[in-house]
Every structure is written in structure tokens, then in C-alpha cells.
Amino acid sequence: LSCRLLLRGSALAGVVYYTRSVGIWADTDRTHQLLDGVKAQLCPYVQKAKKQLPFEVPKLPGSGEVRFLAKHYYNEGVKNSFRFVHMLPCYAGRGLKKVKDTFESFAESPAIAGGEAKK
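Residues numbered from 1 in each chain as written. Predicted model: local features only at pLDDT ≥ 70, side-chain atom pairs only at ≥ 80, totals over all residues. Heavy atoms only, no water.

A. The arrangement of the overall build of the protein chain in detail. Looking only at helices and strands, one finds 3 helices and 2 strands in the protein chain. Seen in sequence order, the protein chain has helices and strands lined up from the N terminus as α-α-α-β-β. Expressed as a percentage of its 119 residues, the buried residues of the protein chain come to 3%. As presented, the protein chain carries roughly 11000 Å² of accessible surface, and 65% of it is formed by carbon and sulfur atoms. (Helix = DSSP H or I, 4+ residues; strand = E, 2+ residues; numbered from the N terminus. Buried < 20%, exposed > 50% of the residue type's maximum accessible area, 1.4 Å probe, protein only. Areas by Shrake-Rupley, 256 points an atom, 1.4 Å probe, with all protein chains shown as cover.)

In C-alpha cells, the structure reads:
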């Protein structure tokens, strides 16, 4: 469990570091330049893929739409994080009750001695 958490945390840190070094978290003009550059680099590959696909590929979203979606999903993530923190005592209580009930059920189950159940 802790190994997976460590790997996920390091992957997240790497993504944040890379996006910051590229300039995604910089000012708006720098982000627009970066988006335009990515679009320009992807254009030949998208055109090649369009010829091979049997359906119409939609255009890449504009920078305004990308900003809106980024803000929307960021806000949803913040709201869900606060909802989780708000519900954490409830989740902890449920988990402790399940652990308690499990140990009580182990204590109530008949002990087996020599292959036969005690009565």
C-alpha cells in the first residue's frame, strides 16, 4: 500500500515539476504560446491519422474552452477533496465498527480442538 502511494506521489510530483518547467503554470500568454506550439507539432500527425480513420475527427478545442475545462475540473477536484475531508470521520467510524464487528465475530465463533467443535 505504501509503495503504491509513494509511486503515485512521485509520479504526480514529476508531472507537476515538468508542467511547471515547460510553462503551463506561467502567465496566460506563455500558456497560449505553449498550446499553439503543441497544436502545431501535433497537426501533421493528426492529419495522417485522419486519413486512416473511418470517421471524422473533431478539431482540437480552443484555448478558451481548455481554460474553462481546466478551471471546471480543478474546482470539481477541490470540492470533492473537501467533501472527502468532511466525510472522513464518518468513513473512519464505519471502518472501526467493521473491524470491531469482525473481531467480535471471531471471538464468538466456536473454537476447534482436535478436529471437533467444542459445545
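B. Focus on the pattern of salt bridges. A full pass over the atoms with the stated rule returns 3 salt bridges. Of the charged contacts, one joins Asp-101 and Lys-97 as a salt bridge, the two residues approaching to 2.8 Å between their closest N and O atoms. Within this pair, Asp-101 and its partner Lys-97 are both found in helix α3 (residues 63-108), separated by 4 residues, close to a single helical turn. The partly exposed category is assigned to Asp-101, whose relative accessible area is 33%. (Salt bridge = Lys/Arg side-chain N within 4 Å of Asp/Glu carboxyl O.)

C. Geometry of the layout of surface pockets. Volume-wise, the largest pocket comes out at about 590 Å³. Taken together, 18 residues line the largest pocket, and the ones lying closest to its centre are Ile-24, Thr-31, Val-66, Arg-67 and Ala-70. When contributions to the lining of the largest pocket are tallied by element, the ones reaching two or more residues are α2 (28-52) and α3. At 8 residues, the largest contribution of residues to the lining of the largest pocket is made by α3. Residue composition of the lining of the largest pocket, grouped by class: 10 nonpolar, 5 polar and 3 charged. (1 Å grid on protein atoms, 1.4 Å probe; cavity = no way out; pocket = protein on both sides within 12 Å on 5 of 7 lines; lining within 4 Å. Points joined across faces, edges and corners; volume = space filled by probe spheres on them. Nonpolar A, V, L, I, M, F, W, Y, C, P; charged D, E, K, R; others polar.)

D. Inspection of the packing of aromatic side chains at higher detail. With the rule as written, the count across this model stands at 1 aromatic pair. On the numbers, 5.8 Å between centres and 35° between planes, the contact of Phe-84 with Tyr-91 is tilted. In this structure Tyr-91 comes out as partly exposed when scored by relative accessible area, which is 38%. (Phe/Tyr/Trp six-rings, centres within 6.5 Å; stacked < 30°, edge-to-face > 60°.)

E. Quick peek at α3. With 46 residues, α3 ought to run about 68 Å at 1.5 Å a step, and its terminal C-alpha atoms sit 63 Å apart, in line with that. The sharpest bend along α3 comes to roughly 50°, located at Met-87, with the proline Pro-89 sitting one to four residues further on. (Expected span 1.5 Å × (residues − 1). Bend = angle between axes of the 7 residues up to and from the residue.)

F. Quick look at the confidence of the model for the protein chain. Per-residue pLDDT for the protein chain has a mean of 84; in total, 89% of the residues score no lower than 70. Per-element confidence in the protein chain is highest for α3, whose mean pLDDT is 91, and lowest for strand β2 (residues 116-117), whose mean pLDDT is 52. (pLDDT = per-residue confidence, 0-100.)

G. How the structure looks around α2. Its 25 residues give α2 an end-to-end C-alpha distance of 35 Å, which sits within 8% of 36 Å, the value for a rise of 1.5 Å per residue. At Cys-43, α2 is bent by approximately 40°, the largest bend along its length, and proline Pro-44 sits one to four residues beyond.

H. How the structure looks around the side chain of Thr-19. Its place among the elements puts Thr-19 in helix α1 (residues 2-22). Here the side chain of Thr-19 touches Trp-25 through a polar contact of 2.8 Å, side chain to side chain. Dropping the residues within four chain positions of it, Thr-19 is found in contact with Ile-24 and Trp-25. (Polar contact = N/O pair within 3.5 Å; in protein donor to acceptor, adjacent residues only side chain to side chain. Contact = heavy atoms within 4.5 Å.)

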